[in-house]
Amino acid sequence: MLNNIGPMGLLLIAVVVIVLFGRGKVSSLMGEVGKGITAFKKGVNEGKEEIEQEKVEAARDVTPEEEPEKDKV
């Protein structure tokens with residue numbers, strides 16, 4: 001369905017949206033969308049960093065626990 005929309009169709013849709021909502025409303029909406037995308041990317045990066053930090057901490061602790069001393073005979 002979307003394959004049939006050409007550049008002129010997209011331009012027509014953009015003009016209709018601007019006429020219906022006004023230029024100010026559309027620009028503020030796009031600003032909010034941009035902030036949302038930025039926040040999403042930041043969250044994904046923080047999640048990756050957290051996972052990497054957990055891997056580093058797990059790899060760092062490779063020493064075996066000390067066994068209780070046995071009686072030497």
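For clarity, every value in this text was computed on a predicted model and none was experimentally measured.

Here is what the cut-offs are and how they apply
- Residues numbered from 1 in each chain as written.
- Predicted model: local features only at pLDDT ≥ 70, side-chain atom pairs only at ≥ 80, totals over all residues.
- Heavy atoms only, no water.
- Helix = DSSP H or I, 4+ residues; strand = E, 2+ residues; numbered from the N terminus.
- Expected span 1.5 Å × (residues − 1).
- Patch = residues over 30% accessible without salt bridge, like charges linked within 9 Å, V, L, I, M, F, W, Y side chains within 5 Å.
- Areas by Shrake-Rupley, 256 points an atom, 1.4 Å probe, with all protein chains shown as cover.
- Salt bridge = Lys/Arg side-chain N within 4 Å of Asp/Glu carboxyl O.
- Lys, Arg positive; Asp, Glu negative; His and termini not counted.
- Charge placed at Lys NZ, Arg CZ, Asp CG, Glu CD.
- Buried < 20%, exposed > 50% of the residue type's maximum accessible area, 1.4 Å probe, protein only.
- Axes fitted to C-alpha atoms, helices over the stretch in contact; angles between N-to-C directions.
- Parallel < 35°, antiparallel > 145°, perpendicular 65-115°, else oblique.
- Contact = heavy atoms within 4.5 Å.
- Nonpolar A, V, L, I, M, F, W, Y, C, P; charged D, E, K, R; others polar.

Undergrad: Describe helix H1 (residues 7-21), naming the residues involved and giving the relevant values.
TA: Between the first and last C-alpha of H1 there are 21 Å, a value that for 15 residues agrees with the 21 Å anticipated at 1.5 Å per step. After H1 finishes, the residue Gly 22 shows a positive phi value of roughly 90°.

Undergrad: Give a detailed account of a negative patch on the surface, specifying residues and quantitative values.
TA: A cluster of acidic residues, Glu 46, Glu 49, Glu 50, Glu 54 and Glu 57, forms a negative patch at the surface. Relative to the helices and strands, Glu 46 is located in helix H2 (residues 23-60). A relative accessible area of 45% places Glu 46 in the partly exposed class.

Undergrad: Run through the packing of H1 against H2, naming residues and quoting values.
TA: Contact geometry for H1 and H2: axes closest at 6 Å, N-to-C directions at 110°. Judged on the interaxial angle alone, H2 and H1 are roughly perpendicular. Contact with H1, carried on its side by Val 17, Ile 18 and Phe 21, involves Arg 23, Lys 25 and Val 26 of H2 and no other residues of that element. Considered class by class, the residues forming the contact of H1 with H2 number four nonpolar, no polar and two charged.

In short, geometric facts, not functional conclusions.
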